[in-house]
Amino acid sequence: MSALVQLVGVSKTFGDAAAVHAIDLLVERGKTTVLIGPSGCGKSTLLRLIIGLIQPDIGEIIFDGAKINADKPARRSLDGGGIDTVRRRVGYVIQEGGLFPHLTARGNILLMAHHLGRPENEMLARLSELCALTRFPESLLGRYPLELSGGQRQRVSLMRALMLSPELLLLDEPLGALDPLVRAALQQDLKEIFARLRQTALLVTHDLAEAAYLGDEIVLVNEGRIVQQGSLADLREKPASSFVSEFINAQRSLAVL
Amino acid sequence: MNRIRKTGKQETFRRLLLFSCVPAFLIFLSGSLAAKPVVIGSKKFTESYVLGEIAKRSLIEAGISAEHRQGMGGTIILWEALRSGQIDAYPEYTGTITQEILKRGAELTFEQIANELGKAGIGMTEQLGFNNTYALVMLRSRAEKLGLRTVSDLKNHPELKFGLTHEFLDRQDGWRPLAQHYQLNPQNIIGIDHALGYGALGKGSIDVKDAYSTDAKISENDLVVLEDDRQFFPQYKAVFLFRYALPTPAIEALRKLEGTIDEAKMTRLNAGAERTKNYARAATLYFDSNTTSTAWTGGESFPHKLARWTARHLELAGFSLLLSVLIGIPLGIWASRGGAIGHVILGFAGIVQTVPSLALLALLVPLPFFGISVRTAITALFLYGLLPIVRNTATGLQDIPRALRESAIALGLSPAARLWQIHLPMASRSILAGIKTSAVINVGTATLAALIGAGGLGEPILSGLNLNDHATILQGAIPAAVLALLVQSLFDLLDRVLIPKGLRL
């Protein structure tokens, strides 16, 4: 299976730390790729580059065979122009959910479908489907984000990202702000959802257990560079550097997995 | 009673402000000019109001449509309005023309004045028949006791207390040259408001005050005018100034007033105005004794007047607010994007706010498109209402968390959809708060519109101040306050309708 997204020699530097350097990365279709590494290592920056919130200084990002950053001046990074068509084929979930407080759960989920003028009955059918998929009670769809719990908000955020059946799902520490029980339940649900939908997903986390549980492929990032890529076993048994061992040993609870 | 004059310092300040406001004038252009009636202006004191009413009545009786913009302000405002065609005629005094319009030190003959005005395209009627000059007045009883008859006699009584208006203390033909001329050196001089001064005279807290020779209060309070035995005060002969461009029948109607009002008559008309609190009715006293014309329908019932004032007030405040909203929100959106333009927009709106509202009105009057009109009042109010809306729109938008801005982008919403569906609703609370602030400010400030004859609830307040009549002041002040409270509650209600429920949790 060919890669859905390919990053070729992508570099991006900022005034602060979260820069990335000469990144080459393949996101395979139908698989869950997990970016893991310490805070500020640049893993979120990679997601933001793919969705076009920022532009690479050098290098290319290829989505489904087409370059998406070629003609965009960097200073217009917040205004995508032609990139909007790519964005509609990509779902994006962030840690805080990114739900709009003035819209109900339903309003948030259907926002883009309304914007694109999708037929009403089609939208509602999809909405029911998503509620079932994410185990979100339909009775809560009329609530505003502030009336929902953290876990419920992430489920709504996930539904919003999945509404248009995106080819790629980007998740930036989606479970980072949840308490352990809710987090465990959602991890399980995510795994099921990805499997059911055969969803291509790129997930950012700093939790190795989560990476191991959800990821088909783990990409360890440190100081803006990819240190090693492979399965958890690869990382554990054939560490590419002392950093890999240190990172894995720091999360000892993994021994039980 | 004030004959407002400008000192050199004020003039410089005025120019300075004028230039700082220029960009604003480009923002607002105006509606059409219908076939217009002859517009009579008047200054902000009783006698001028009454003369204005008489001129209006005289034109109407000659079959010419006319309107009277009452109490538009001081000499310079009226002169500029006349020259620019905002008004067609107004009552003026020869002394004021010489000193403040032509700015001559020496006294000019009547013909010289007429010639000078002619160069500016302005005509002058012959004298109306009275000389309203400055005078020093005392209680009759007190003057008789001390044996005072002339200004010169004051020299022998340095113990007398002088209570003089601030303007008189300041004028070129006021206190200082007068004291020099008569070699007066009283020990006790205080500055006091004109209307309050009469009360002070009566109570004996002052002995001498300045007044106008046709002031109705002189006979009312049993005062005597001390004779200007060494001819210090210049002549203030009343005339009408008019534009040469006026149609001949209109000029003839004004000329019919020449020589028809002597001092006694003017004093009586002024007294009538102060007694009845109604300038139009006072003006009918003039016609009643001159002609046997039919009853003048100048009287208007209070509820009718209140409705007229309130409607105009709401028109002024509402229309200016609408403009502030229509222009302020886009400017706020623009400013929220930061950068140099954002600073310029917020800076400009801030500067406008620092110009005193009265000064802003006065500055707009001499400009083309503006002048003495509702348009000017609305423009000034609009400029005033701009800052709260621009600033609140900008901050409301800037306060949207970055994660939410980026989520909207990442979803693939177009920039327009982001603005309308995400950014503006999320900033709605802040924007509405700004609009509410502007609305309340506008309703309050709209009372000043009466100063340039634009009407509204400021009209009774202004007349009341002139007549020193508290009841009349309250007729405007109470409804204006009630209106401000109503506007406040209306917006509290609107908050509930317009701010999305999700933001009110």
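Residues numbered from 1 in each chain as written. Chains lettered and ligands numbered in written order. Predicted model: local features only at pLDDT ≥ 70, side-chain atom pairs only at ≥ 80, totals over all residues.

Moving on, we get to the overall build of chain B. If you tally the helices and strands in chain B, you get 21 helices and 10 strands. Burial statistics for chain B: of 505 residues in total, 45% are counted as buried. In chain B, once contacts between residues fewer than 6 apart in sequence are set aside, the share between residues at least 24 apart is 78%. (Helix = DSSP H or I, 4+ residues; strand = E, 2+ residues; numbered from the N terminus. Buried ≥ 20, exposed ≤ 12 C-beta atoms within 10 Å, placed from the backbone. Contact = placed C-beta atoms within 7 Å.)

Another point: the overall build of chain A. Looking only at helices and strands, chain A features nine helices and 10 strands. Of the contacts formed within chain A by residues at least 6 apart in sequence, a portion of 68% connects residues at least 24 apart.

Let's shift gears to the sheet that holds strand S9 (residues 223–226) of chain B. All names here are of chain B. Spatially, S7-S6-S8-S5-S9 is the arrangement adopted by the five strands of the open sheet, whose pairing is mixed. Since the sheet does not close on itself, it has two edges, and those belong to strand S7 (188–191) and S9, each with one partner. Each neighbouring strand pair of the sheet contributes to a mean axis angle of 35°, computed without reference to strand direction. Both strand S6 (residues 161–164) and strand S8 (residues 208–212) contribute to a ladder of two bridges, which runs parallel. By the bridge assignment, Phe 162 is partnered in S8 with Val 208. (Pairing = 2+ DSSP bridges. Axes fitted to C-alpha atoms, helices over the stretch in contact; angles between N-to-C directions.)

A few words now on the interface of chain B and chain A. Each partner contributes residues to the interface: chain B has 20 residues there, and chain A has 24 residues. Elements represented by at least two residues in the side of chain B that touches chain A include exactly helix H18 (402–411) and helix H19 (415–445) of chain B. No other element matches H18(B), which puts seven residues into the side of chain B that touches chain A.

This part is about the nonpolar core. Counting 174 residues, the largest nonpolar core has Leu170(A) and Leu361(B) as its most contacted members. For this core, the element with the highest residue contribution is helix H17 (residues 374–398) of chain B, accounting for 13 residues. Leaving out residues up to four positions away in the same chain, Leu361(B) has contacts with Thr376(B), Ala377(B), Ala380(B), Leu448(B), Leu451(B) and Ile452(B). The next biggest cluster of nonpolar side chains, apart from the first, holds 23 residues, and it includes Leu148(B), Tyr198(B), Tyr212(B) and Ile218(B). (Core = buried A, V, L, I, M, F, W, Y, C linked by C-beta atoms within 7 Å.)

This brings us to the packing of helix H14 (residues 302–336) of chain B against helix H15 (residues 339–354) of chain B. Residues and elements named next belong to chain B. One can describe the packing of H14 onto H15 by two numbers: an axis separation of 7 Å at closest approach and a directional angle of 140°. Taken together, the axis directions place H14 and H15 in an arrangement best described as oblique. When the axes of H14 and H15 are compared, the crossing they make is left-handed. Across the interface between the two elements, Leu 331, Trp 334, Ala 335 and Ser 336 of H14 pack against Ile 341, Gly 342, Ile 345 and Leu 346 of H15. Split by residue class, the contact of H14 with H15 holds six nonpolar, two polar and no charged. (Parallel < 35°, antiparallel > 145°, perpendicular 65-115°, else oblique. Left-handed = near helix turned anticlockwise from the far one by under 90°. Nonpolar A, V, L, I, M, F, W, Y, C, P; charged D, E, K, R; others polar.)

What follows deals with helix H1 (residues 43–50) of chain A. Residues and elements named next belong to chain A. Buried residues dominate H1, accounting for seven of its eight residues. Taken together, the buried positions of H1 are Lys 43, Thr 45, Leu 46, Leu 47, Arg 48, Leu 49 and Ile 50. Immediately beyond the C-terminal end of H1, within one or two residues, lies Gly 52, with a positive phi of roughly 80°.

Residue and element names in this part refer to chain A. Structurally, the position occupied by Cys 131 is in helix H4 (residues 120–134). Cys 131 gets classed as buried once you count the C-beta atoms within 10 Å, which come to 21. When sequence neighbours within four positions are dropped, the list of residues in contact with Cys 131 reads Phe 136 and Glu 138.

Burial in helix H3 (residues 75–83) of chain B covers these residues: Thr75(B), Ile77(B), Leu78(B), Trp79(B), Ala81(B) and Leu82(B). Where the residues of H3(B) are buried, they touch strand S1 (38–41), strand S3 (89–93), helix H4 (94–101), strand S4 (122–124), strand S10 (238–243) and helix H16 (357–364) of chain B.

Relative to the assigned elements, Phe100(A) resides in the loop between strand S6 (90–94) and helix H3 (105–115). Sequence spacing of Phe100(A) and Pro145(A) is 45 residues, and the spatial spacing of their C-alpha atoms is 7.4 Å. Beyond its immediate chain neighbours, meaning those up to four positions away, Phe100(A) contacts Asn108(A), Leu404(B) and Ile422(B).

Bringing the confidence of the model for chain A into the picture now. Taken as a whole, chain A shows an average pLDDT of 87; of its residues, 91% reach a score of 70 or greater. Ignoring residues within four places in sequence, the model shows residues 70–81 of chain A, a span with pLDDT below 50, making 10 contacts including any to other chains. (pLDDT = per-residue confidence, 0-100.)

Looking now at the sheet that holds strand S1 (residues 3–12) of chain A. Residue and element names in this part refer to chain A. The strand order across the open sheet formed by four strands is S2-S1-S4-S5, and the pairing between neighbours is antiparallel. Because the sheet does not close on itself, it has two edges, and the strands there are strand S2 (20–28) and strand S5 (66–67). Across six bridges, S1 lies against S2 in antiparallel orientation. Note on S2: the bridge partner recorded for Gln 6 is Leu 26. Along the sheet face, H1 touches S1, S2 and strand S4 (58–63) and points at about 115° away from the line of S1.

The next point concerns the packing of H14(B) against H19(B). Residue and element names in this part refer to chain B. The contact between H14 and H19 brings their axes to 10 Å, and the two run at 150°. Classified by the interaxial angle, the pair formed by H14 and H19 is roughly antiparallel. As H14 packs across H19, the resulting crossing turns out to be right-handed. Of H19, the residues touching H14 (which contributes Ala 317, Ser 320, Leu 321, Ser 324, Val 325 and Ile 329) are Ile 431, Ile 435, Ser 438, Ala 439, Asn 442 and Val 443.

Right, let's get into the confidence of the model for chain B. Residue and element names in this part refer to chain B. Within chain B, residue pLDDT values average 82, and 89% of them lie at 70 or more. Ranking the helices and strands of chain B by mean pLDDT puts S3 first, with 94, and helix H1 (residues 8–27) last, with 37. Counting contacts from residues 1–35, a segment whose pLDDT is below 50, to residues more than four positions away or on other chains yields 37 contacts. Considering only residues more than four positions removed or in separate chains, one finds that residues 290–298, a stretch of pLDDT under 50, has 10 contacts. The complex model carries a pTM of 0.65, and its ipTM stands at 0.89.

All names here are of chain A. Even without a glycine there, the phi angle at Ala 22 is positive, about 40°. Examined against the element boundaries, Ala 22 turns out to sit in strand S2. Located in the positive-phi region is Arg 135, a residue other than glycine, with phi close to 55°. Considering the arrangement of structural elements, one finds Arg 135 in the loop between H4 and helix H5 (150–162). You can call Arg 135 exposed: it has 12 C-beta atoms within 10 Å.

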